[in-house]
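Structure assessment
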Amino acid sequence: MSSIQTGRGKRRRKFEDEVDSHSENEEEIVVEDHKPELTPDKLKEPKDTYIPQPQKQQEQPSRSKYIDEEDISSNDKRRKFDLLHQKDTSTTSRNHKRNDHNQWELEQYQKAQQIMNTTKITKDDLDKVNLPDNDKYEYVFDDSQYVNFNEIEEDDELKGDDQPQKPDLIEKERISIAEVRQSLPVYKFRSHFLEAMDKNQVLIVVGETGSGKTTQLPQYLYEAGYSQGDKNLIIGCTQPRRVAATSVATRVAQEMNVKLGKEVGYSVRFDDKSSKDTVIKYLTDGMLLREFLTDSKLLKYSVIMIDEAHERTLSTEILLSLLKDILTTRHDLKVIIASATINAEKFSNYFHQASILNIPGRRFPVKIHYTKNPEANYIQAAITTIFQIHLTQPLPGDILVFLTGQEEIESMEESLQESIIKLGSSLENHLQVLSIYSNLPIDLQKKIFEPTLPHTRKVILATNIAETSITIDGISYVIDPGYVKQNVYNPTQAMESLVVVPCSKASVDQRAGRAGRIGPGKCFRLFTKWSYYNELDANTTPEILRVNLSSVILLLLSLGINDLINFDFLDKPNSKHIIKSLELLYSLGCINSKGSLTKLGLKLSKFPLDPMLSKCLITSEKFNCVLEIITIISMLGESSTLFYRPKDKQEIASKKHASFDSPLGDHFSLLNVSQQWENSDFSNQWCQEYFVQYKTLRRVKNVRDQLIKLCQRNKINVNETISINPLYIQKSLISGYFPNIVKLSMMGDTYKKLKSSNVATPCYIHPSSSIFKIKPIPKLLLYHELVLTSKEYMRNCMIIDEKLIKEYGSHYYSPQELESLSKTKK
DNA sequence: GTCGCTGGA
């Protein structure tokens, strides 16, 4: 069986090892020829040698063990989708599915035969590229390996404007700001818009990319006098991301010819450029949410525009609910909800059939191509498609490929580089491979924005970061396998899991749009048209249904919303989730037995943290270790992106990282990192020496400084102490993290939650933990989070003493559970 | 003996 040199390939092997219990040398896989699997030859081989490869979903441990009942239907949906992608979904169902697969294969084989016989593969295009006839090039020029895309169909176009204006820099500079403003599509709707604003309290604006709504609508309102009057009211516009808020504000300040921070300003975490003169304020949605805490009716605003509402981020969603709530008493407040087409109806219904104003966008058309058949291996298909594009499409025009994660990106980059070397000088134009994901160090991220060299085409391998957060110029081709990695929280287990799921229609359309920014583009979808229309969900599951709610619930409670079960959410979270959060808040002492907020709860809600963390912070005052706890808290939030190990220096990096290890556990190791960085005077060089991400530590420092300020504001003493007894730190941590305690199982190989429940999930110490190798194996642990990846891993663990559990957990654990502690010890 | 998609306060 040939194998594909991808991260998936490697992981798949590992998976097979587990299941079939025979080992294979990983080295072998790397040197193997990476031919695509679905070739006619392969298909003709005896069945036994051609087994559909277990794919990503299969490597993910079966979710079904953990999901709530109501989630099962969506799991089934995924299974259906996977089957069409020649995928099996769960380890447990593997065997009894084998027969289905054989049947399925047979059908596919027959279909493939028909296609081979009837389809002319576009050899004409290839002839243009003059290459020596050599075996080496088989990889690209074997017709059978071509990915078959359906012909372009008109109805599958993402329609663009008929005559889009090509940005011509010199030309653009000559046009005055006023002319630019008037050239935006939104300009024609100015009076329509103002009229609608006059008549309605809530207005839904559907404005596609490039319409100019974000920069223009607040200005129109300002010009029409919405921010004037005796009360000095202002116009607020929220954005889901910091960069958007700051860059749009900068642009609008230019257009209005005022200094940023005066009439036009922005406000994002750690950075406030607004003043009492500010009349148009751009802010992140999370920021406006925090403003509710001090100004629960948002009295200083006359208009609030919620931009990019279709993204349905957690903060946006809560904002919408709160706005709906205050509109009943604030009749003078106007609300604009700007969304893409997809959700407009839903928002309109939510706000009592609010009017919808449509503003066309300005974008070039993008032609959509689908594969004729499901792709068995989308990585391979994507690579093949890259070369198809590179060899048949003229320059300029860069390629953007959407992948699910860092590992996938890295392995694909490797395979691509190898193929490029094989092809060598025979390629008429060079192919430059670049990648982008959030965890990539900044200097490497910047590379994708460097201009493309002559006779070169860029291929950018990206995660979802390129879907909305980062815009890359010069992209004409998008390759979209149609998958995304998603974080799903399971409240019953209090466990996160990262799963690869099919994208929604909204998401794949957004991705396609990335090809139409500089000119007409093409999008190659590595799935069938049928599955687009029949299998993909219309929208991505809103975040509110996928996250730990305790922080949100505490916020709502502190705003005086007590009946959470009947609260008017746009999409209501499962009542069980809400109750789980309420139970936790009760055990933390944030609410009383009647469910109303306590003094402590109010105190905790002042911090932008998970309630469990803010509880630790509050407790630490008693032990005079506030600063240490604040440092640990700030580090915990960023710990996943703290260390990095470059491929060529993995061993030395690991050694450096191990130098921070504390025998007490990861919380103390993190404290070490922070303290040593501080001793180096926050130096970047120190970070490089220790293979620590500077970017992350800067963020940690920002969070830390903010928490210190908040403590001072709330009269919490943050004095530095000379030396701290670790016991005090442990006590502070357990006061918030008592639910996250595990004990070693009888067999001594796994851990079990101390809180007994129906589902006793075995947990494992994450191998990156400083106590992973500690002997004797610690009996009791406190963990920061439980994440399901290849196993149920506890990330950031601390050794904890039985006495402390009895001291801080007696209200949470039953006498039997506490008694079992002593049994464990024997 | 692993590994994490993206945002936000």
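Our subject is the structure listed above.
Overview of the structure.

Basis of the calculations
Residues numbered from 1 in each chain as written. Chains lettered and ligands numbered in written order. Predicted model: local features only at pLDDT ≥ 70, side-chain atom pairs only at ≥ 80, totals over all residues. Heavy atoms only, no water. Helix = DSSP H or I, 4+ residues; strand = E, 2+ residues; numbered from the N terminus. Buried < 20%, exposed > 50% of the residue type's maximum accessible area, 1.4 Å probe, protein only. Contact = heavy atoms within 4.5 Å. Areas by Shrake-Rupley, 256 points an atom, 1.4 Å probe, with all protein chains shown as cover. Core = buried A, V, L, I, M, F, W, Y, C linked by side-chain atoms within 4.5 Å. Pairing = 2+ DSSP bridges. Salt bridge = Lys/Arg side-chain N within 4 Å of Asp/Glu carboxyl O. Axes fitted to C-alpha atoms, helices over the stretch in contact; angles between N-to-C directions. Parallel < 35°, antiparallel > 145°, perpendicular 65-115°, else oblique. Left-handed = near helix turned anticlockwise from the far one by under 90°. Nonpolar A, V, L, I, M, F, W, Y, C, P; charged D, E, K, R; others polar. Polar contact = N/O pair within 3.5 Å; in protein donor to acceptor, adjacent residues only side chain to side chain. Phe/Tyr/Trp six-rings, centres within 6.5 Å; stacked < 30°, edge-to-face > 60°. Lys NZ or Arg CZ within 6 Å of the ring centre and 35° of its normal.

Quick notes on the overall build of chain A
Scanning chain A from terminus to terminus reveals 33 helices and 22 strands. Taking all 826 residues of chain A together, the buried fraction comes to 53%. Within chain A, contacts between residues at least 6 apart in sequence are counted, and of these 75% link residues at least 24 apart. Summed over all atoms, the accessible surface of chain A reaches about 38,500 Å², with 50% contributed by carbon and sulfur.

Digging into the nonpolar core
By size, the foremost hydrophobic cluster in this structure holds 104 residues, and its most contacted members are Ile337, Leu556, Phe607, Trp686, Ile734 and Ile805. Not counting residues within four places of it along the chain, the set of residues in contact with Trp686 comprises Phe660, Val673, Gln676, Trp677, Ser680, Val692 and Leu697. Grouped together as the second largest cluster of nonpolar side chains are 32 residues, Leu194, Val264, Val279 and Met305 included.

Let's talk about the pairing of strand 3 (residues 234-239)
In terms of burial, strand 3 is a largely internal element, 6 of the 6 residues being buried. Burial of strand 3 is two-sided: the residues Ile234, Gly236 and Thr238 facing one way and the residues Ile235, Cys237 and Gln239 facing the other way are all buried. When strand 3 meets strand 6 (residues 280-284), the two strands line up parallel, connected through 5 bridges. Across the sheet, Gln239 pairs through a bridge with Thr284, a residue of strand 6.

Some words on the pattern of salt bridges
Applying the stated criterion to the full structure yields 25 salt bridges. Among the charged side chains, a salt-bridge network with shared partners connects Arg181, Arg190, Glu223, Arg251 and Glu255.

Description of the packing of helix 26 (residues 626-638) against helix 31 (residues 726-737)
Running from N to C, helix 26 and helix 31 point in directions that differ by 55°, and their axes come no closer than 10 Å. Our classification of the angle between helix 26 and helix 31 gives oblique. Both helix 26 and helix 31 take part in a crossing whose hand is right-handed. Counting all contacts with helix 26, which are made through Glu628, Ile629 and Ile632, the residues of helix 31 involved are Ile729, Ser732 and Leu733. Class assignment of the residues belonging to the contact of helix 26 with helix 31 gives a composition of 4 nonpolar, 1 polar and 1 charged.

What to know about the environment of Lys522
Secondary-structure assignment places Lys522 in strand 17 (residues 521-528). On the accessibility criterion, Lys522 (23% relative accessible area) is partly exposed. Along the sequence, Lys522 and Ser662 sit 140 residues apart, while their C-alpha atoms lie 53 Å from each other. The contact partners of Lys522, leaving out residues within four places of it in the chain, are Val366, Lys367, His369, Gln393, Ser476, Tyr477, Val478 and Ala515. Within polar-contact distance, the side chain of Lys522 engages the side chain of Gln393 at 3.2 Å.

What to know about the packing of aromatic side chains
Overall, the coordinates contain 18 aromatic pairs when judged by the stated rule. When the centroid spacing of 4.9 Å and the interplanar angle of 90° are considered together, the rings of Tyr812 and Tyr813 count as edge-to-face. A residue is classified by how much of its surface remains accessible, and Tyr812, at 23% relative accessible area, is partly exposed. One Lys or Arg, Lys701, reaches over the ring of Phe682 and ends 4.7 Å from the middle of that ring. Geometry around Tyr812 places Lys755 over its ring, the cationic atom sitting 4.6 Å from the centre.

Read these as spatial facts, not as claims about activity.
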